[in-house]
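# An overview of the molecular structure
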Amino acid sequence: MRAIPGTQTLAFVARCDGLGLPNLDEEPEVWRRSTLHPLEAGDVIVRDVRVLHGGTPNRTDQTRFLPSLEFASQPFRNSEEYNKWDDRPSMPWDIFAELTRGAQGWCDNCVEREALDIGWR
């Protein structure tokens, strides 16, 4: 995994100025030299979701699952900055329905009540 230090504020600035983030071949040289952190199966990463990051190609014949849990404080969730993120519900309804009431309360904004395309690519 590669993480670009200090970029947690870049996406917000780019959106405010109507700019897009650079493509891989447009990245500044300093970004290309950022540290690649080798990860083993089962490793966990805790990071600011706004930090630009990337993985490496999966060169195996096996599917590589990348589950993600995202947390945000209630003040941030109520902020204008949070509302500019393109957040889409991603938890299938049938999974949500099996959660306890307490877990459903935590995940209510994550559930998609319509059918999701969750096929493997």
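Please refer to the structure higher up on the page.
Residues numbered from 1 in each chain as written. Predicted model: local features only at pLDDT ≥ 70, side-chain atom pairs only at ≥ 80, totals over all residues. Heavy atoms only, no water.

### Overview of the overall build of the protein chain
From N to C terminus, the protein chain includes 6 helices and 4 strands. Ordered by position in the sequence, the α and β elements of the protein chain form the string β-α-α-β-α-α-β-α-α-β. At 17 Å, the protein chain has a C-alpha radius of gyration far larger than the 14 Å of a compact globule built from 121 residues. Over its C-alpha atoms, taken along the principal directions, the protein chain stretches across nearly 50 × 40 × 25 Å. Among the 121 residues that make up the protein chain, the fraction classed as buried is 15%. Restricting to contacts in the protein chain with at least 6 residues of sequence separation, those with at least 24 account for 54%. A total accessible area of about 10,300 Å² is found for the protein chain, and carbon and sulfur atoms account for 54% of it. Here the protein chain holds 14 positive side-chain charges and 20 negative ones, and the gap between their average locations is 3 Å. (Helix = DSSP H or I, 4+ residues; strand = E, 2+ residues; numbered from the N terminus. Rg over C-alpha atoms; globule rule 2.2 N^0.38 Å. Buried < 20%, exposed > 50% of the residue type's maximum accessible area, 1.4 Å probe, protein only. Contact = heavy atoms within 4.5 Å. Areas by Shrake-Rupley, 256 points an atom, 1.4 Å probe, with all protein chains shown as cover. Lys, Arg positive; Asp, Glu negative; His and termini not counted. Charge placed at Lys NZ, Arg CZ, Asp CG, Glu CD.)

### Details of the side chain of Arg2
Examined against the element boundaries, Arg2 turns out to sit in strand β1 (residues 2-3). Engagement of the side chain of Arg2 in a polar contact is seen with the side chain of Glu27, the distance being 3.0 Å. At 3.0 Å, the side chain of Arg2 and the backbone oxygen of Trp31 are in polar contact. With residues up to four places along the chain from it excluded, the contact list for Arg2 reads Leu24, Glu27, Trp31, Arg32, Ser34, Thr35, Leu36, Leu52, His53 and Gly54. (Polar contact = N/O pair within 3.5 Å; in protein donor to acceptor, adjacent residues only side chain to side chain.)

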